[in-house]
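This is what each chain is made of:
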Amino acid sequence: MNNRYNRHIILSEIGQQGQDKISNAKVLVIGAGGLGCPILQYLAAAGIGNIGVIDFDVVDISNLQRQILYGTSTLGKNKAEAAKARLEDLNNDISIKAYPEKLTHKNALNLFEAYDIIVDGSDNFETRYLVSDACIIANKPLVFGAIYKFEGQVSVFNYKNGPSYRCLFPEAPEKGTVPNCSEIGVLGVLPGIIGTMQANEVLKIILELGNTLSGKLFCYNALTLENTTLKIKRSEIAIKSVLKDKENFHLKAINLNCEVEIISISIENVLSEKNIQFIDVRETHEQPKIDYLPVTYIPLSQLENQLDQIDITKKKAIFCQSGMRSKRAVDILLEHNILNCFSIVEGAAEIQSKIKEHNNMLLNER
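Residues numbered from 1 in each chain as written. Predicted model: local features only at pLDDT ≥ 70, side-chain atom pairs only at ≥ 80, totals over all residues. Heavy atoms only, no water.

A. A look at the packing of aromatic side chains. Scanning the model with the defined rule gives five aromatic pairs in all. Where Phe 144 meets Phe 157, the ring centres are 5.6 Å apart and the plane angle is 55°; that geometry is what we call tilted. Within this pair, whereas Phe 144 is found in strand β5 (residues 142-148), its partner Phe 157 is found in strand β6 (residues 151-157), the two being separated by 13 residues in sequence. Under the relative-accessibility criterion, Phe 144 is labelled buried at 2%. Judged by relative accessible area, Phe 157 falls into the buried class, the value being 1%. Put simply, the rings of Tyr 129, Phe 144, Phe 157, Tyr 165 and Phe 169 touch in pairs and so form one group of aromatic residues. (Phe/Tyr/Trp six-rings, centres within 6.5 Å; stacked < 30°, edge-to-face > 60°. Helix = DSSP H or I, 4+ residues; strand = E, 2+ residues; numbered from the N terminus. Buried < 20%, exposed > 50% of the residue type's maximum accessible area, 1.4 Å probe, protein only.)

This is the structure:
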């Protein structure tokens, strides 16, 4: 008997046969943020044999209030890769694949084909509709979760001929009408509660135990502990509209400016990367200038007029005097569908100092 999973195996409803089902399962988690962290932690602990996690974002200090897989040592690191490292320490019996990239219409279907169950831990509506539509086309069950301030929702879509996300919400709300947690806030424990419920639904699907939330939307209020379960009806019109356009699915594009948080990274992590274009968005008279690095100088006020200087084949590491203008620069580039852009959290003076330390360390190692 495997001691790691003993508490599962001694449950008569699970046993060794059930644990074998868990070990053979393949689950993909979209997003390694507030929801993704508890989802991943409990699925890894349960022994899901193959776990995939996709997230293009990096760990920011504001994440640590609720994203429990991370600590100060992971600040500036890609979330998918940081989550993989933590989960491998939690359970080295399983396989974990990190995808440090953005989920798009181009890569979603190929990615989903490799997994049995898709779990949505994203934080914006456009990604939710992308995930839902890809699950319909790929015929994969989708475990959904969402949070807002003190309230959360959980459901299971596209499972055993059940309804999809579009059956509940046919169209996305207009951009800017629903704020995200970076704008309105969220109770730190709430994603832990909702994410754990999502992990529970995944295990119920794998083990074929109990009643899943297919055809139901579970709504939870953390302040009152009240919960409501709403019924969802399958809409053939909504599902057929997705399938009708499936041949063009890979040609669609996400509006990257929809509830996407600015991507920040530390200079120490940038220096370990290759194929980087460093962009200084300060005015030309501002000091200090950064030595030892090839830098492209484009003042923020001129950025939109000088997009031809941006190398789309490289990752873009953008900096300024304090880290504020560089964030705005990333926002502008995303508006123009220029990806792989990072705002360096340090200002120019600190960047210069850390580059000197880095170079001195390399010299001492020789």
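B. A look at the sheet that holds strand β10 (residues 276-280). Taken together, five strands build an open sheet; the order of strands is β9-β13-β12-β10-β11 and the sheet is parallel. This sheet does not close on itself; its edge strands, each paired only once, are β9 (264-265) and β11 (295-297). In this structure, β10 lies alongside strand β12 (residues 315-319), joined through five bridges in parallel fashion. Residue pairing for β12: Phe 278 is matched across the bridge by Ala 317. Contacts from helix α12 (residues 324-335) reach β9, β12 and β13 (341-344), with the element oriented near 170° to β13. (Pairing = 2+ DSSP bridges. Contact = heavy atoms within 4.5 Å. Axes fitted to C-alpha atoms, helices over the stretch in contact; angles between N-to-C directions.)

C. Just the nonpolar core, in detail. Counting residues in hydrophobic clusters, the biggest one holds 47 residues, and the most contacted among them are Val 27, Leu 40, Leu 43 and Ile 48. The biggest single contributor to this core is helix α9 (residues 190-207), with eight residues. Ignoring anything within four residues of it in the chain, the contact list for Ile 48 reads Ile 22, Ala 25, Val 27, Leu 43, Ile 94, Leu 203 and Ile 206. Counting 26 residues, the second-largest nonpolar core is a separate cluster that includes Ile 118, Ala 134, Ala 138 and Leu 217. (Core = buried A, V, L, I, M, F, W, Y, C linked by side-chain atoms within 4.5 Å.)

D. Highlighting the pairing of strand β4 (residues 117-120). Where burial is concerned, the two faces of β4 agree: the one with Ile 117 and Val 119 and the one with Ile 118 and Asp 120 are both buried. Here four bridges tie strand β1 (residues 26-30) to β4, and the two strands are oriented parallel to one another. Looking across to β4, one finds that Val 29 is bridged to Val 119. Strand direction decides the pairing type here: β4 and β5, joined by three bridges, are parallel. Looking across to β5, one finds that Asp 120 is bridged to Phe 144. As for the winding sense of the linkage, the β-α-β connection from β4 through helix α6 (residues 125-138) to β5 is right-handed. (Right-handed = clockwise from strand over helix to strand, strands pointing away.)

E. View of the environment of Ala 44. Tracing the backbone shows Ala 44 in helix α3 (residues 36-46). With residues near it in sequence (within four places) discarded, Ala 44 still touches Ile 51, Leu 87, Leu 90, Asn 91 and Ile 94.

F. Representation of a nonpolar patch on the surface in the model. Together, Phe 150, Leu 187, Val 189 and Leu 223 give the surface a local cluster of nonpolar side chains, amounting to about 350 Å² of exposed area. For Val 189, the location among the structural elements is in the loop between α8 (181-184) and α9. (Patch = residues over 30% accessible without salt bridge, like charges linked within 9 Å, V, L, I, M, F, W, Y side chains within 5 Å. Areas by Shrake-Rupley, 256 points an atom, 1.4 Å probe, with all protein chains shown as cover. Salt bridge = Lys/Arg side-chain N within 4 Å of Asp/Glu carboxyl O.)

G. Representation of the sheet that holds strand β3 (residues 95-99) within the structure. Overall, mixed pairing links the eight strands, which are arranged β3-β2-β1-β4-β5-β6-β7-β8 in an open sheet. On the outer flanks of this sheet lie β3 and β8 (227-231), each paired with one strand and no other. Sheet twist, expressed as the average angle between the axes of neighbouring strands with direction ignored, equals 15°. With respect to the sheet, helix α4 (residues 79-90) is in contact with β2 (50-54) and β3, its orientation differing from that of β3 by roughly 165°.

H. Representation of the packing of α3 against α9 in the model. For the pair α3 and α9, interaxial distance at closest approach is 7 Å and the crossing angle is 40°. Of the possible angle classes, the one that applies to α3 and α9 is oblique. Viewed along their axes, α3 and α9 form a crossing whose handedness is right-handed. Of the residues in α9, those touching α3 at Pro 38, Ile 39, Tyr 42, Leu 43 and Ala 46 are Pro 191, Gly 192, Gly 195, Thr 196, Gln 198, Ala 199, Val 202 and Leu 203. Among the residues forming the contact of α3 with α9, the class breakdown is nine nonpolar, four polar and no charged. (Parallel < 35°, antiparallel > 145°, perpendicular 65-115°, else oblique. Left-handed = near helix turned anticlockwise from the far one by under 90°. Nonpolar A, V, L, I, M, F, W, Y, C, P; charged D, E, K, R; others polar.)

I. Structural detail: the pattern of salt bridges. Enumeration over the complete set of coordinates arrives at 14 salt bridges. Here Lys 84 and Glu 88 are joined by a salt bridge, their closest N and O atoms 2.6 Å apart. Here the residue Lys 84 and the residue Glu 88 both occupy positions in helix α4, the gap between them amounting to four residues, near one helical turn. Taking the relative accessible area as the measure of exposure, Lys 84 reaches 24% and is therefore partly exposed. Among the salt bridges present, the one from Lys 354 reaches Glu 350, with a minimum N-O distance of 3.5 Å.

J. Spatial organisation of the packing of α3 against α4. Running from N to C, α3 and α4 cross one another at 30°; their axes reach a closest spacing of 9 Å. Put simply, α3 runs roughly parallel to α4. Crossing hand, α3 versus α4: right-handed. Side by side, α3 and α4 meet where Leu 40, Gln 41, Ala 44 and Ala 45 of the first sit next to Ala 83, Arg 86, Leu 87 and Leu 90 of the second. Looking at the contact of α3 with α4 residue by residue, the class counts come to six nonpolar, one polar and one charged.

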